Amino acid sequence: MLFAACFTALSATTVVAAPGGSAATAWFTEAQADQGQRTFVANCVACHGTSMYSIFRRYATAERYFNFISGSMPKHLPGSLPEPEYLGIVAFMLRTTGFPAGETALTSERVLLRQIHPADGLAK
């Protein structure tokens, strides 16, 4: 059963060509990142500005970042956003730090989120 969950999580991603001809995994859709940008501007930018991009890169995995923001943010109403909005913020952070968009939306599947390392983004 665990194998099936891992296989499902792995098969839900897309590999795309990255700059320089290398392959990069696409964990989210462009539409999801766009939605996440709108959510970020509406709920996060007033306190965090653009510093959140460099803070995101310090997280070991996207799972840790997702767990933090979905349980603690926004500060005045922790955990008050719907899960798809938190996932959209993660997708927006991924795109901003250089990860490519693909055809499959990011999900809250923990096995999947653990595979994403924000510091691996292509934007430096």
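Anything mentioned here points back to the structure above.
Quick caveat, the model's predicted, so the values are computed rather than measured.

The rules behind these values
- Residues numbered from 1 in each chain as written.
- Predicted model: local features only at pLDDT ≥ 70, side-chain atom pairs only at ≥ 80, totals over all residues.
- Heavy atoms only, no water.
- Phe/Tyr/Trp six-rings, centres within 6.5 Å; stacked < 30°, edge-to-face > 60°.
- Helix = DSSP H or I, 4+ residues; strand = E, 2+ residues; numbered from the N terminus.
- Buried < 20%, exposed > 50% of the residue type's maximum accessible area, 1.4 Å probe, protein only.
- Axes fitted to C-alpha atoms, helices over the stretch in contact; angles between N-to-C directions.
- Parallel < 35°, antiparallel > 145°, perpendicular 65-115°, else oblique.
- Contact = heavy atoms within 4.5 Å.
- Nonpolar A, V, L, I, M, F, W, Y, C, P; charged D, E, K, R; others polar.
- Salt bridge = Lys/Arg side-chain N within 4 Å of Asp/Glu carboxyl O.
- Left-handed = near helix turned anticlockwise from the far one by under 90°.

> Can you lay out the packing of aromatic side chains for me, pointing to particular residues and giving the numbers?
For the structure on display, the rule yields six aromatic pairs. Residues Tyr 53 and Phe 92 carry aromatic rings whose centres are separated by 5.9 Å and whose planes lie at 80° to one another, so their mutual orientation is edge-to-face. Note that Tyr 53 is positioned in helix H4 (residues 52–57) and Phe 92 in helix H6 (residues 83–96), a separation of 39 residues in sequence. Under the relative-accessibility criterion, Tyr 53 is labelled partly exposed at 22%. According to the relative accessible area criterion, Phe 92 is buried, its value standing at 5%. Ring plane angle 80° and centroid distance 4.8 Å describe the contact between Phe 56 and Tyr 65, whose orientation is recorded as edge-to-face. On the basis of relative accessibility, which here comes to 0%, the residue Phe 56 falls in the buried class. Among the aromatic residues, those joined into a ring-pair cluster are Phe 56, Tyr 59, Tyr 65 and Phe 68.

> Can you tell me about the packing of helix H2 (residues 30–43) against H6, naming the residues and giving the values?
Two numbers describe how H2 lies on H6: the axes approach to 7 Å, and their chain directions differ by 105°. With respect to H6, the axis of H2 lies roughly perpendicular. Contact with H2, carried on its side by Glu 30, Gln 32, Ala 33, Asp 34, Gln 35, Gly 36, Gln 37, Thr 39 and Phe 40, involves Pro 84, Glu 85, Leu 87, Gly 88, Ile 89, Ala 91, Phe 92, Met 93 and Arg 95 of H6 and no other residues of that element. Taken together, the residues of the contact of H2 with H6 sort by class into eight nonpolar, six polar and four charged.

> Outline the pattern of salt bridges, listing residues and values.
Tallied over the entire structure, the rule returns three salt bridges. A salt bridge links Arg 95 to Asp 34; its shortest N-O distance comes to 2.6 Å. Of this pair, Arg 95 sits in helix H6 while Asp 34 sits in helix H2, placing them 61 residues apart in sequence. By relative accessible area, which is 31% here, Asp 34 ends up partly exposed. One salt bridge connects Glu 63 with Arg 114, and the closest N-O pair in it is separated by 2.9 Å. A residue pair is termed long-range when its members are at least 10 positions apart, and Glu 63 in helix H5 (residues 62–72) and Arg 114 in helix H7 (residues 110–115) qualify at 51 residues. Note on Arg 114: relative accessible area 40%, which makes it partly exposed.

> Go over the packing of H5 against H6, please, and point to the residues and values.
Interhelical geometry of H5 versus H6 gives an angle of 135° and a closest axis separation of 10 Å. Classified by the angle between their axes, H5 and H6 sit oblique to one another. The element H5 and its partner H6 pack so that their crossing is right-handed. Within the contact between the two elements, H5 uses Ala 62, Tyr 65, Phe 66, Ile 69 and Ser 70 and H6 uses Glu 83, Tyr 86, Leu 87, Ile 89, Val 90 and Met 93. Partitioned by chemical class, the residues of the contact of H5 with H6 number nine nonpolar, one polar and one charged.

Just distances and angles here, no functional claims.
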